[in-house]
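# Structural characterization, general
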Amino acid sequence: QSQRFWIERAFEDCKGELGMADYQVRKYRAWYHHQALYFIAYDYVNHTREKKKQQIPLLSVRDVSLLIIAYLSKSQVIMEKEINDLLVRHKQKINDLLRFYPPDDLFKVTK
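Parameters at a glance
- Residues numbered from 1 in each chain as written.
- Predicted model: local features only at pLDDT ≥ 70, side-chain atom pairs only at ≥ 80, totals over all residues.
- Heavy atoms only, no water.
- Phe/Tyr/Trp six-rings, centres within 6.5 Å; stacked < 30°, edge-to-face > 60°.
- Helix = DSSP H or I, 4+ residues; strand = E, 2+ residues; numbered from the N terminus.
- Buried < 20%, exposed > 50% of the residue type's maximum accessible area, 1.4 Å probe, protein only.
- Contact = heavy atoms within 4.5 Å.

### Considerations on the packing of aromatic side chains
Under the definition given, this model contains three aromatic pairs. Taking 5.9 Å as the distance between ring centres and 35° as the angle between the ring planes, the aromatic pair formed by Tyr28 and Tyr32 counts as tilted. Residue Tyr28 and its partner Tyr32 are both found in helix H2 (residues 28–51); the two are separated by four residues, about one turn of the helix. Owing to a relative accessible area of 59%, Tyr28 belongs among the exposed residues under this scheme. Residue class for Tyr32 comes out partly exposed when judged on its relative accessible area of 48%. Seen in terms of ring centroids, Tyr38 and Phe39 are 4.7 Å apart; in terms of plane orientation they differ by 25°. Their pairing is stacked. Here the aromatic cluster, defined as three or more aromatic residues joined through ring pairs, consists of Tyr28, Trp31 and Tyr32.

Given below as structure tokens:
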């Protein structure tokens, strides 16, 4: 049953952040292509999260997708703003975790 949580969480991330549910197609081939693109996007996001796990342990799918959008805008101001917003969100996440877990257990939770 605990494995089901992670599967449901992956589908929720795909639907909410990567556009799994945002398709309007009529043919199977178009639907198949759309599903393949979001699988590739989710694989890239997971690879990025795994690669940056040591540096940014609380990195989420939303964080990675927003950073990709900021990077593609090719504006240094937008990129810096997004990084600052990410740092604020992560500080809030850490404060929330500290509220419920003792500092000794926090490292175990973020691993």
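### A closer look at the environment of Leu67
Locating Leu67 in the fold gives a position in helix H3 (residues 61–72). For the pair Leu67 and Trp31, spaced 36 residues apart in sequence, the C-alpha separation works out to 27 Å. Non-local contacts of Leu67, meaning those with residues more than four positions away in its chain, are made with Met79, Glu82, Ile83 and Leu86.

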